[in-house]
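# Structure assessment
The lines below spell out each chain.
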Protein chains: 2
Amino acid sequence: MGRWEPNARGRLERAAAELYVERGFERTTVAEISRRAGLTERTFFRHFTDKREVLFAGSVTLEEQCAGAVAAAPDGASPMDATAAALSTAARLLDESGEHVRQRRTVIDANAELRERELVKLASLSLALAEALRRRDVDDPTAELTAEIAVAVLKVAVGRWTNGPVERPMGELLDDCLDVLRALLAGRGAGQPRGPVRRRVAWRVPSRSRARALGPPGSAW
Amino acid sequence: MGRWEPNARGRLERAAAELYVERGFERTTVAEISRRAGLTERTFFRHFTDKREVLFAGSVTLEEQCAGAVAAAPDGASPMDATAAALSTAARLLDESGEHVRQRRTVIDANAELRERELVKLASLSLALAEALRRRDVDDPTAELTAEIAVAVLKVAVGRWTNGPVERPMGELLDDCLDVLRALLAGRGAGQPRGPVRRRVAWRVPSRSRARALGPPGSAW
């Protein structure tokens, strides 16, 4: 057994993300990652099965902590409040390792296999959140849909956070996304131009019969 | 070139789904699919690159028609109304081939590689819907979030449709999911027991300041 290395895992994650951005994921070897981190390959393989998993190890933590936050929400908290706690947890974790998250995103976006892996991880997060909600006696469709919405909001917010020109706390971006979601369901947001001039849009009162009347026969909304 | 076969594509799709359910995806060969459809392997490969693609060919049609429905929505339709048209289209397509969709779901659920492929197809649908919304001058976060929500609703509704004991039109299940979504965002749905007895939950007025006050510091919702 090798000697104990302080924060070997974190050093390997950072070294890998840096090298993947510099040279590309495909062209980086485990030997190079280990060298950059000042560690041995043997240490690398004590922490990760391969160079792909370095990018996804954090997803396990994220999933565990988000599901834990749902479980720890006060009795009587609504499914949305319980899920809000999970997203706050996600925001905190992401804010803590901002630069690494941005590098990771760049690497994943550039590689089809990694993008697929990321989709699998997000689907797994959704399943974990839904299961945590079911344990709070939330019924099935509500649990599934709440979990899917949470992951959708997280996905869009992280995309904006990592691609956006301005650094803002993750929690603010999640808040923005939820505002957009609320406006959408209230029937607002029709054809907003993207330029500085914004047409004023009449606010609609959300009404099921109205929504049905507006939609085509059998409209889904 | 082989002779023209009436609806060869549809016959191959149905034969494949049946065989995958009967024998499992891995154990079914292209030769068997072609034989069951009363066609040659050569005809099979004129329509599909491999036995996996038979399951996903319909996703391309779904994506094209859904994006087309968004594009064809009346001027001034809100992002949600435009997306509703897409989901109506999806509901119609799915209702038209109900038994096939159910078999397909069973096969995909049983195979990790196929589940990944399905996630990729859903992500592609989301991108196509977002792009169709952007072309209607919907701003970026609204387009992305509306598309993600639509796919989330579709995913949950299809899951309930294909696993549920009762046959109901897809449009009804999509409506149900949207009702759940609206209730969620209005703060309802707190800890509903799954049994026949339902606690009455006080309806909350959705209010941003209230939602912030309820959540932990930096709450996402």
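Reading the values: rules and limits
- Residues numbered from 1 in each chain as written.
- Chains lettered and ligands numbered in written order.
- Predicted model: local features only at pLDDT ≥ 70, side-chain atom pairs only at ≥ 80, totals over all residues.
- Domains from an automatic or database assignment.
- Contact = placed C-beta atoms within 7 Å.
- Nonpolar A, V, L, I, M, F, W, Y, C, P; charged D, E, K, R; others polar.
- Core = buried A, V, L, I, M, F, W, Y, C linked by C-beta atoms within 7 Å.
- Buried ≥ 20, exposed ≤ 12 C-beta atoms within 10 Å, placed from the backbone.
- Axes fitted to C-alpha atoms, helices over the stretch in contact; angles between N-to-C directions.
- Helix = DSSP H or I, 4+ residues; strand = E, 2+ residues; numbered from the N terminus.
- Parallel < 35°, antiparallel > 145°, perpendicular 65-115°, else oblique.
- Left-handed = near helix turned anticlockwise from the far one by under 90°.
- pLDDT = per-residue confidence, 0-100.

Now for the domain arrangement of chain A. Residues and elements named next belong to chain A. Its domain assignment divides chain A into domain 1 (1-51) and domain 2 (56-190 + 199-221). At the interface, 8 residues of domain 1 touch 8 residues of domain 2. A per-class count over the side of domain 1 that touches domain 2 returns 5 nonpolar, no polar and 3 charged.

Judged by nonpolar contacts, the single largest core of 90 residues is most densely connected at Val70(A), Leu129(A), Val153(A), Val70(B), Leu129(B) and Val153(B). For Val70(B), the contacting residues outside a window of four places in its chain are Ala82(B), Thr83(B), Ala85(B), Ala86(B), Leu129(B), Ala132(B) and Leu133(B).

Turning our attention to the packing of helix 4 (residues 53-72) of chain A against helix 7 (residues 112-134) of chain A. Axis angle and axis distance: for two packed helices, these are the angle between their axes and the distance between the axes, and together they describe the pair. All names here are of chain A. Helix 7 packs onto helix 4 with a crossing angle of 15 degrees between their chain directions and a minimal axis gap of 9 Å. Taken together, the axes of helix 4 and helix 7 are roughly parallel relative to one another. Helix 4 and helix 7 meet at a crossing whose hand is right-handed. Contacts from Leu55, Phe56, Ser59, Leu62, Glu63, Cys66, Ala67, Val70 and Ala71 in helix 4 reach Leu114, Arg117, Lys121, Ser124, Leu125, Ala128, Leu129, Ala132 and Leu133 in helix 7. The residue inventory of the contact of helix 4 with helix 7, partitioned by class, reads 13 nonpolar, 2 polar and 3 charged.

All names here are of chain A. With respect to the helices, strands and loops of the structure, Glu41 is situated in helix 3 (residues 41-47). Sequence spacing of Glu41 and Ala31 is 10 residues, and the spatial spacing of their C-alpha atoms is 5.9 Å. With residues near it in sequence (within four places) discarded, Glu41 still touches Val30, Ala31 and Ser34.

Looking now at the packing of helix 1 (residues 8-23) of chain A against helix 6 (residues 98-109) of chain A. All names here are of chain A. Where helix 1 contacts helix 6, the two axes come as close as 9 Å, and the packing angle between them is 45 degrees. In terms of orientation, helix 1 lies oblique with respect to helix 6. Crossing of helix 1 against helix 6: the hand is left-handed. Every residue of helix 6 that contacts helix 1 at Glu13, Arg14, Ala17, Glu18, Tyr20 and Val21 is listed here: His100, Gln103, Arg104, Thr106 and Val107. Looking at side-chain class alone, the contact of helix 1 with helix 6 contains 4 nonpolar, 3 polar and 4 charged residues.

With that out of the way, let us pick up the confidence of the model for chain A. Residue and element names in this part refer to chain A. Averaged over all residues, the pLDDT of chain A is 81; the fraction at 70 or higher stands at 81%. When pLDDT is averaged over each element of chain A, helix 2 (residues 30-36) comes out on top at 97 and helix 10 (residues 208-214) at the bottom at 33. Below pLDDT 50 for its whole length, residues 189-221 participates in 57 contacts with residues either more than four positions away or in separate chains. In the predicted complex, the global pTM is 0.79; the interface-specific ipTM is 0.77.

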